[in-house]
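Structural description and commentary
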Amino acid sequence: MGAPRRLAERLLRVMVSLAPSGSRDWAQAMLGELDFIRGDWAALFWALGSAAAICRHAASAWRTLLKQRKAHEEVRMNNTGKKALGVGIGVLSALMLVGCAFAILRITDLMFPGLGIAHAEWTHWLAAIVVPEAILIAAAVVLWRKKGPVAAGILTIGLMIGLHLAVHLAMR
Amino acid sequence: MKLRLSPQTLLVLEAFLDQPEDWKYGYDLSRITGLKSGTLYPILMRVAEHKLLETRWEQSEPGKPPRHMYRFTAEGLRFARTQLTSQSVGKLGEEALGRMEA
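What counts and how
- Residues numbered from 1 in each chain as written.
- Chains lettered and ligands numbered in written order.
- Predicted model: local features only at pLDDT ≥ 70, side-chain atom pairs only at ≥ 80, totals over all residues.
- Heavy atoms only, no water.
- Helix = DSSP H or I, 4+ residues; strand = E, 2+ residues; numbered from the N terminus.
- Buried < 20%, exposed > 50% of the residue type's maximum accessible area, 1.4 Å probe, protein only.
- Contact = heavy atoms within 4.5 Å.
- Pairing = 2+ DSSP bridges.

Attention now goes to the overall build of chain A. Within chain A, the secondary structure is distributed over 5 helices and 0 strands. In chain A, the succession of helices and strands from N to C terminus is α-α-α-α-α. The buried share of chain A, taken over its 172 residues, is 31%. Look at the contacts in chain A between residues 6 or more apart in sequence, and 62% of them connect residues 24 or more apart.

Residue and element names in this part refer to chain B. Of all 6 residues in strand S3 (residues 67–72), 5 are buried, a share of seventy percent or more. Here strand S1 (residues 24–25) runs beside S3; their pairing, made up of 2 bridges, is antiparallel. In the strand pairing of S3, Lys-24 is matched with Tyr-70. Across 6 bridges, strand S2 (residues 53–58) lies against S3 in antiparallel orientation. Paired with Glu-54 across the bridge in S3 is Arg-71.

This is the structure:
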């Protein structure tokens, strides 16, 4: 056995041992053919071509795997992003509702100072706590099944208002 | 079926169509088609991945490593016949068009 054939055999054996499982059978097939090739240099060229083919096949398998992983990662990130956006929309909507309630209270006080709304505590309770809280809870219940993240955002603000109320009552 | 039909792939399909029931070896295919191993094997891998080729190992001679053999599956045979027929019809059409233009 000449040096080129020895080199060819060694190269293909290394390729068989390094090839990923999907390419190993093919690498073994190329090595198996080596014994039937006449001419040492022909065998070496066969091995070089085979090694390139195995590398390309392995690289393509890796690329496919990476693409699949990347696609999976993107889907996961998109889902997380969508959920975060939903929660954000819920929080923002609830805050706007509470803000509107305060604004209505303030405007009514400015337009009808004779009513004495600014000094009546029950109006604050009703406009800033009871009505918004009832709307927030109703909205969260309605949206829970179809738009869970938005409902969660709304409920968060509802809970914060509730907590604020509890702290306020405890302090008094 | 998404199999890139390069001229080299068509050569390989043609080689398999010659006595399609016989199993063929990689080196024999290389000699028949004139393709180097670096071109031939990626084609064989692709065709096999599309389930157009079946493979098996054969212990040929004592003291020698087993050989990997290939032949068309029924689907592969159908596919190759269809493709090669449409290719040759296309070629005939191009030739006829060339003659008309000349």
